[in-house]
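# Examining the three-dimensional arrangement
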Amino acid sequence: AAYNFPLDILASLNFSYQTGRPLVSFTRVFDLNQTPQMSIIAEEKGTERYDPFTMVDFRLQKTFRIYNSWRIHLFADVFNLLNTDTFTAYRSYSLWQTNYQEPMYMAFPRRVQLGVKIEF
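This write-up is about the structure you can find in this document.

Reading the values: the criteria
Per chain, the residues get numbers from 1 upward, laid out in the order the sequence is written. Given that this is a predicted model, residues contribute local features only at a pLDDT of at least 70 and side-chain atom pairs are listed and counted only at 80 or more, while totals for whole chains, interfaces and linings are drawn from all residues. Each side-chain value is derived from all of the structure's non-hydrogen atoms; neither hydrogens nor water enter the calculation. For two strands to count as paired, DSSP must find a minimum of two bridges between them. Working definition: helices are DSSP H or I runs of at least four residues, strands are E runs of at least two. Numbering for both runs from the N terminus. Whenever a helix is involved, its axis is fitted only over the stretch in contact; in every case the axis is a line through C-alpha atoms, and angles between N-to-C directions fall within 0 to 180 degrees. Salt bridges are identified by distance alone: a Lys or Arg side-chain nitrogen within 4 Å of an Asp or Glu carboxyl oxygen. Exposure is judged per residue with a 1.4 Å probe applied to protein chains only, and the accessible area is read against the type maximum: over 50% gives exposed, under 20% gives buried, and values in between give partly exposed. Ring geometry is summarised as follows: Phe, Tyr and Trp rings, the Trp one being its six-membered ring, pair when their centres sit within 6.5 Å, and such pairs are stacked at plane angles under 30 degrees, edge-to-face over 60 and tilted between the two. Only when the NZ atom of a Lys or the CZ atom of an Arg is both within 6 Å of the ring centre and within 35 degrees of the ring normal do we say a charge sits over the ring.

Here the focus is the sheet that holds strand β2 (residues 9-18). The strand order β1-β2-β7-β8-β11 describes an open sheet built from five strands, whose pairing is antiparallel. At either margin of the open sheet sits one strand with a lone partner, and together these are β1 (2-5) and β11 (111-119). Recorded for the sheet is a direction-independent mean angle of 15 degrees between the axes of neighbouring strands. Where strand β7 (residues 53-67) lies against strand β8 (residues 70-79), nine bridges are found, and the strand directions are antiparallel. When the sheet's bridge partners are listed, Phe58 is paired in β8 with Val78.

And the structure:
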C-alpha cells in the first residue's frame, strides 16, 4: 500500500505473509561395509514445516522539485520493520547428523536504508 500525502511526501508499506515451507527429513541407506549409498526421504512430505513467516517493510519519501522537470527524492526504507526472527533453514536435514534441525539461517534483522534519487 502507498499513499501520497500533501507536500510530495510518500509513505508505503509492504506486508508479506508466508505459511511455513514444508521440511523434508532424510536418512541414509547403508550397505554391509557401513558406507552410505544414498539418501532417502524419511517421512511423508509436509508432516513438518518451518514456522510461518511475516515480513513488513516501510518507506518514507520526500520529493523536491528543483528545476523544470528535475526532482530529487530523499527516502528511508525500513526492512523487516517488526524484526521477525523466523528460521528459514537448518544445518542438516539428515536424521543421522548431530546437527539435525539445528537452526542455520533466519530472516535478516531490521535494517534501514537511506537513499537519494535524482530524476530529470
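Before going further, it helps to spend a moment on the pattern of salt bridges. Side-chain pairing between opposite charges can occur once the charged atoms of the two side chains come close. A complete count under the given rule lists three salt bridges for this structure. A salt bridge links Arg59 to Asp77; its shortest N-O distance comes to 2.6 Å. One end of the pair, Arg59, is in strand β7; the other, Asp77, is in strand β8, with 18 residues separating them in the sequence. The class for Asp77 is buried, based on a relative accessible area of 6%. With a closest N to O distance of 3.6 Å, Arg71 and Glu119 form a salt bridge. Placement of Arg71 in strand β8 and of Glu119 in strand β11 is noted, with a sequence separation of 48 residues between them.

The next point concerns the packing of aromatic side chains. Following the criterion strictly, the structure yields two aromatic pairs and no others. With centroids separated by 4.7 Å and ring planes inclined at 75 degrees, the aromatic side chains of Tyr3 and Phe5 adopt a geometry described as edge-to-face. For Tyr3, a relative accessible area of 49% corresponds to the partly exposed category. Residue classification places Phe5 among the partly exposed residues on the basis of a relative accessible area of 40%. If you follow Arg59 out to its NZ or CZ, it ends over the ring of Phe75, 4.1 Å from the centre.

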